[in-house]
Amino acid sequence: MLNGKTALVTGASKGIGRAIALRLAAEGAAVAVNYNGSAEKAEAVVREIEEAGGKAIAIKCNVADFSETEAMVAETVEKLGRLDILVNNAGITKDGLLMRMSEEDFEKVIDTNLKGAFNCIRHASKYMIKQRCGRIINISSVSGVMGNAGQANYSASKAGIIGLTKSAARELSSRGITVNALAPGFIETDMTDALADKIKAAVTEQIPLKRFGKPEDIANAAAFLSEDAAGYITGQVICIDGGMAM
């Protein structure tokens, strides 16, 4: 259980981030629900947590912005009292073939997905170091492990997450802080719902378990890594992809 703990989940208004926020709250953690779009979905997550007896707040922040991220972390600590768990889930895609990809599309994805994770770790670790404990969970992707045609920017950002995870784990381990990464495969979210049925069928054939995962599959792993029981696991990349990258 995570009673007495506080978590900050970025990109938590929908999809995988939402599932993680709800699961950590169900385990007893107070949750800061980060979003960068409409407040409506984030507030809905907060209400769902509160109606189940939990505690949550919504915080708007563009994680690609260093100063905004610093303020978000400070607000989390101010309103919820501490920060024990950071889940770097916020991410975007701007897919396209490498030869046609614009510099802007490459930079935007790197800034949000990779620099955003750095920004959050940079500011959150200050509080965790003082506490001499903490859990940092970075959401990578099977695309960062295997690469994926048409996603040079996204794959690079998610591969960078893996390197960032391992480096941060080495730097922060002496202060009782673990840093791990989850690498989801094809998960049932708005992003994959938009795929044509023909593409979904082709992808499913590449998955040994022959199905897409659910956001709850990622949330389950995030909850475990947040627990005291996972205190001897750090610097690891756990693929939750139905066997795609084995």
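Residues numbered from 1 in each chain as written. Predicted model: local features only at pLDDT ≥ 70, side-chain atom pairs only at ≥ 80, totals over all residues. Heavy atoms only, no water.

Novice: Got a sec to walk through the sheet that holds strand β1 (residues 6-9)? Specific residues and values, please.
Specialist: Strand order in the open sheet formed by seven strands is β3-β2-β1-β4-β5-β6-β7, and the pairing between neighbours is parallel. Since the sheet does not close on itself, it has two edges, and those belong to β3 (56-60) and β7 (237-240), each with one partner. Strand-to-strand twist of the sheet, defined as the mean angle between neighbouring strand axes without regard to direction, takes the value 20°. (Pairing = 2+ DSSP bridges. Helix = DSSP H or I, 4+ residues; strand = E, 2+ residues; numbered from the N terminus. Axes fitted to C-alpha atoms, helices over the stretch in contact; angles between N-to-C directions.)

Novice: Explain the pairing of β1 residue by residue, including any values.
Specialist: On β1, burial covers both faces: T6 and L8 on one face and A7 and V9 on the other are all buried. Of the pairings in the sheet, the one linking β1 to strand β2 (residues 30-35) comprises four bridges and is parallel in character. Paired with A7 across the strands is V31, a residue of β2. In terms of handedness, the path from β1 via helix α1 (residues 15-26) over to β2 forms a crossover that is right-handed. Here β1 runs beside strand β4 (residues 85-88); their pairing, made up of three bridges, is parallel. Paired with A7 across the two strands is I85, which belongs to β4. (Buried < 20%, exposed > 50% of the residue type's maximum accessible area, 1.4 Å probe, protein only. Right-handed = clockwise from strand over helix to strand, strands pointing away.)

Novice: Let's hear about the packing of aromatic side chains: which residues, and what values?
Specialist: Counted by the stated rule, this structure contains one aromatic pair. Note on F186 and F212: the rings are 5.6 Å apart at their centroids and 40° apart in plane angle, and the pair reads as tilted. Of this pair, F186 sits in the loop between β6 (177-184) and α7 (190-193) while F212 sits in the loop between α8 (197-206) and α9 (215-226), and the two are 26 residues apart along the sequence. Judged by its relative accessible area of 22%, F186 is partly exposed. (Phe/Tyr/Trp six-rings, centres within 6.5 Å; stacked < 30°, edge-to-face > 60°.)

Novice: Outline unusual backbone geometry, listing residues and values.
Specialist: With a phi angle near 60°, R132 is a residue other than glycine that sits in the positive phi range. Considering the arrangement of structural elements, one finds R132 in the loop between α4 (103-131) and β5 (134-139). Within the chain, K210 stands out as a residue other than glycine whose phi angle is a positive 60°. Tracing the sequence through the fold places K210 in the loop between α8 and α9.

Novice: Can you explain the pattern of salt bridges? Please cite residues and give values.
Specialist: Side chains bearing opposite charge may pair, as long as their charged atoms lie close to each other. In the structure shown here, the tally under the stated rule is seven salt bridges. In this structure, K79 engages E75 in a salt bridge whose closest nitrogen and oxygen atoms are separated by 2.7 Å. Here the residue K79 and the residue E75 both occupy positions in helix α3 (residues 66-80), the gap between them amounting to four residues, near one helical turn. Across the salt bridge formed by E188 and K214, the nearest N and O atoms sit 3.2 Å from each other. Of this pair, E188 sits in the loop between β6 and α7 while K214 sits in the loop between α8 and α9, and the two are 26 residues apart along the sequence. (Salt bridge = Lys/Arg side-chain N within 4 Å of Asp/Glu carboxyl O.)

Novice: Describe the pairing of β3, with residues and values.
Specialist: Note: β2 against β3, five bridges, orientation parallel. Looking at β3, one finds that N34 is bridged to I59. As for the winding sense of the linkage, the β-α-β connection from β2 through helix α2 (residues 39-51) to β3 is right-handed.

Novice: Let's hear about α2: which residues, and what values?
Specialist: Helix length check: α2, at 13 residues, gives a terminal C-alpha distance of 18 Å against a target of 18 Å (1.5 Å per residue), a fit within 8%. Listed in full, the buried residues belonging to α2 are A42, V45, V46 and I49. All buried residues of α2 project into a common sector of 95° when viewed along the axis, lining one side. Turned more than 90 degrees off the buried face of α2, the exposed positions are E40 and E51. Looking at the buried side of α2, the elements it contacts are α1, β2 and β3. Where α2 starts, the residue carrying a side-chain oxygen 3.2 Å from the main-chain nitrogen of E40 turns out to be S38. Two residues or fewer after α2 comes G53, characterised by a positive phi angle close to 95°. (Expected span 1.5 Å × (residues − 1). Arc of directions from axis to C-beta. Contact = heavy atoms within 4.5 Å. Polar contact = N/O pair within 3.5 Å; in protein donor to acceptor, adjacent residues only side chain to side chain.)

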